[in-house]
Amino acid sequence: MLIAAIELGLRQRTPSMCQIPTYLTQVATGLEKGLSIGVDLGGTNLRVCSVELHGDSTSDILHTQVRIPPELMVAKASHDLFSFIARQIQDFLVKFHLAFIQDAKSDAHDQYFALGFTFSFPVYQSAINSGVLLNWTKGFDIPDTINQDVCQLLQREIDLLELPVRVTALVNDAAGTIISRAYGLPLSRTRPTIGAIFGTGTNGVYLESLSEITKTIDGDYDRSTGKMFMSTEWGSFDNKLSVLPVTPYDTELNEHSVNPGNQMFEKRVSGMFLGELLRLAVLQVYYDDGLGLFRDDTGKSNTDDFNRGAPLHTRWKVDSSILSVAEADNSELLPALREKIHVSFGVPRDSVSVRDAQVVKIIAHAIGTRAARLAGMAVGSVIVQSQLLDETHHVAAGLEATRETIVDVAVDGSVVEHYPGFEQYMRESLRALEQIGVEKESRISIGHAKDGSSVGAAIIALLAAEQVVPNSTHL
Ligand code: ADP
Ligand code: MG
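Residues numbered from 1 in each chain as written. Chains lettered and ligands numbered in written order. Predicted model: local features only at pLDDT ≥ 70, side-chain atom pairs only at ≥ 80, totals over all residues. Heavy atoms only, no water.

- In the annotation of an unreviewed UniProt entry, the protein is listed under the name Glucokinase and assigned to Hypoxylon rubiginosum.

As structure tokens, this is what we get:
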């Protein structure tokens, strides 16, 4: 069903899994040279980086990161959020590239930094450097941004600060991850053609043949490669819940989310939701007096002992990092998990017994492994759709293949990075897929591209600057 949804999105404008063209038509070779800026607006963090590519798979990266202030996620006007981003770019440039800004001001040449903007929300792109926001996800809600070009919004704020920066590429985070990994791989290795994000949200991007995309792609793009990276938007897979597993906790989480009925796959897989699922399931056990969770030795309920405003009792207050701690702590007395339960749930330390921690561990494991297996299903479906496992097709596509690796998948996001064994559980799904199986699964490589979405954005900005503004000088 997931494969069918991927295919349908290539033919029609569908309401979910809408297969958005990224306007990125090639993968990095590792030979690129230049200096550019990447900005990554994820769901939780804003990252700014500069990347200097040396043309030999190596690079120098400078990097800052701030948490996005929650009030800006639901700001009254786009200006509030985008001026914040522009100020972060300004701070970054002042800190690391002051001489360049000063030179650019005094220099008669039109010198600027090319900037790639990773905007990890559904946008409809009409060129490599422009795209309008379709809808917010991941808890963001700023109504006047809908249908606006997010590159223009950012450029306007950059110009107000008189920074020598041009937004030359609008980048999907999964696409950025692919390009970042592609640049850094040894030249002899198969290039990644699939990228997947498991962070605040989840999405997958893959390289598709233009001949397979029968719906219209608006605007101009480079047709010479015969390919285009497509964004599956798999977070919205099966919004009707025909095949996804449904527990009472999934139902309650969905009802209290900002977008009930949407992003149903994402609500089972990504970081924004896993902590809340755990909270809801643990709360159910907690309310059952007979089970004695978080009670003292006499079996007395400690309900009154800890604040009703504790995270355990408050929606969306439990961060998904507790699932990683639960999975990682395999000691007998579970000290790390017990401490994390105290910190994350707000349960007093002396009310968290080893047995309580064991209960939380079992539930967290169920939620975490379900997420990873679903993640594997999504990646597997894209691998099948992209036909890269079909070696005849592969040779015809002219990609460099080695016997060891036939498909390379670039991944990024805190969940896949920190949840122990996430990749292994994903691989269980890949092996279980009939069209993949044990032998082919072993020839799929999965590689983490740390900060891939910001670094990749900078590289794509550089590639795009050549196409967008050919007469100007950029670094
Ligand atoms: P973004 O989505 O902004 O790019 P990340 O990839 O860092 O940022 O993902 C942030 C999400 O990952 C948050 O929802 C957070 O709850 C979750 N998260 C952070 N640390 C961990 C961890 N150690 N284990 C599992 N999930 C985590
Ligand atoms: Mg991200």
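**Digging into the overall build of the protein**
Right, on to step 1. Helix and strand counts for the protein stand at 17 helices and 14 strands.
Right, on to step 2. What you see for the protein is a C-alpha radius of gyration of 23 Å, in line with the 23 Å of a compact globule of 475 residues.
Right, on to step 3. Across its three principal directions, the C-alpha atoms of the protein cover 80 × 55 × 40 Å.
Right, on to step 4. Across the 475 residues of the protein, 58% fall into the buried class.
Right, on to step 5. Within the protein, contacts between residues at least 6 apart in sequence are counted, and of these 70% link residues at least 24 apart.
Right, on to step 6. Carbon and sulfur atoms make up 51% of the accessible area of the protein, which totals about 19,500 Å².
Right, on to step 7. When the 40 positive and 58 negative side-chain charges of the protein are each reduced to one mean point, those points stand 3 Å apart. (Helix = DSSP H or I, 4+ residues; strand = E, 2+ residues; numbered from the N terminus. Rg over C-alpha atoms; globule rule 2.2 N^0.38 Å. Buried < 20%, exposed > 50% of the residue type's maximum accessible area, 1.4 Å probe, protein only. Contact = heavy atoms within 4.5 Å. Areas by Shrake-Rupley, 256 points an atom, 1.4 Å probe, with all protein chains shown as cover. Lys, Arg positive; Asp, Glu negative; His and termini not counted. Charge placed at Lys NZ, Arg CZ, Asp CG, Glu CD.)

**Observations concerning the nonpolar core**
Right, on to step 1. By size, the foremost hydrophobic cluster in this structure holds 101 residues, and its most contacted members are Phe198, Leu278, Phe294, Ile341, Phe345, Ile383 and Phe422.
Right, on to step 2. Looking at this core element by element, the count peaks at 13 residues for helix 12 (residues 354-386).
Right, on to step 3. By size, the runner-up hydrophobic cluster in this structure holds 40 residues, among which are Val39, Val150, Val165 and Val167. (Core = buried A, V, L, I, M, F, W, Y, C linked by side-chain atoms within 4.5 Å.)

**Quick word on the site of ligand 1**
Right, on to step 1. Surrounding ligand 1, one finds 17 residues, the nearest of these being Gly43, Thr44, Thr200, Ser324 and Ser414.
Right, on to step 2. At 3.3 Å, a backbone N or O of Met272 approaches an oxygen atom of ligand 1.
Right, on to step 3. When isolated, ligand 1 has an accessible area of 570 Å², and the protein chains bury 85% of it.
Right, on to step 4. For the shell around ligand 1, the element with the highest residue contribution is helix 14 (residues 414-418), accounting for three residues.
Right, on to step 5. Split into classes, the residues belonging to the shell around ligand 1 amount to two nonpolar, 13 polar and two charged. (Near = heavy atom within 4 Å. Polar contact = N/O pair within 3.5 Å; in protein donor to acceptor, adjacent residues only side chain to side chain. Nonpolar A, V, L, I, M, F, W, Y, C, P; charged D, E, K, R; others polar.)

**With respect to the environment of Thr369**
Right, on to step 1. Inspection of the secondary structure puts Thr369 in helix 12.
Right, on to step 2. Taking C-alpha positions, Thr369 is 10.0 Å from Pro420, a pair spaced 51 residues apart along the chain.
Right, on to step 3. Of note is the side chain of Thr369, whose polar atom sits 2.6 Å from the backbone oxygen of His365.

**What about the pairing of strand 12 (residues 407-412)?**
Regular strands place their side chains on alternate faces of the sheet.
Right, on to step 1. Of all six residues in strand 12, six are buried, a share of seventy percent or more.
Right, on to step 2. In strand 12, alternate side chains face the same way, and those of Val407, Val409 and Val411 on one face and Asp408, Ala410 and Asp412 on the other are all buried.
Right, on to step 3. Relative to strand 12, strand 9 (residues 194-198) runs parallel, the two being bridged by four bridges. Counted as the bridge partner of Ala196 is Val411 from strand 12.
Right, on to step 4. By the bridge criterion, five bridges tie strand 12 to strand 13 (residues 444-448) in an arrangement that is parallel. Bridge pairing links Val409 to Ile446 in strand 13. (Pairing = 2+ DSSP bridges.)

**Observations concerning the packing of helix 1 (residues 2-11) against helix 12**
Right, on to step 1. At a closest axis distance of 9 Å, the pairing of helix 1 and helix 12 adopts a crossing angle of 55°. By the angle class used here, helix 1 and helix 12 are oblique. The interaxial crossing formed by helix 1 with helix 12 has right-handed handedness. Facing Leu2, Ile3, Ile6, Glu7 and Leu10 of helix 1, the residues of helix 12 in contact are Met377, Ala378, Ser381, Val382, Val384 and Gln385.
Right, on to step 2. Taken together, the residues that form the contact of helix 1 with helix 12 break down as eight nonpolar, two polar and one charged. (Axes fitted to C-alpha atoms, helices over the stretch in contact; angles between N-to-C directions. Parallel < 35°, antiparallel > 145°, perpendicular 65-115°, else oblique. Left-handed = near helix turned anticlockwise from the far one by under 90°.)

**Details of the pattern of salt bridges**
Side chains that carry opposite charge are capable of pairing whenever their charged atoms lie near each other.
Right, on to step 1. Across all of its chains, the model carries 16 salt bridges by this definition.
Right, on to step 2. Here Arg47 makes a salt bridge to Asp451, at a shortest N to O gap of 3.6 Å. Here Arg47 is found in strand 3 (residues 45-54), whereas its partner Asp451 is found in the loop between strand 13 and helix 17 (452-468), with 404 residues between them in sequence.
Right, on to step 3. The exposure class assigned to Arg47 is buried, which follows from its relative accessible area of 16%.
Right, on to step 4. Put simply, Glu441 and Arg427 hold a salt bridge, and the shortest N to O gap is 2.7 Å. Of this pair, Glu441 sits in helix 16 (residues 437-441) while Arg427 sits in helix 15 (residues 422-432), and the two are 14 residues apart along the sequence. Take Glu441 and Arg427: they sit in the same class, and that class is buried.
Right, on to step 5. Salt bridges here are not isolated pairs; linked through shared partners, they connect Glu423, Arg427, Arg431 and Glu441. (Salt bridge = Lys/Arg side-chain N within 4 Å of Asp/Glu carboxyl O.)

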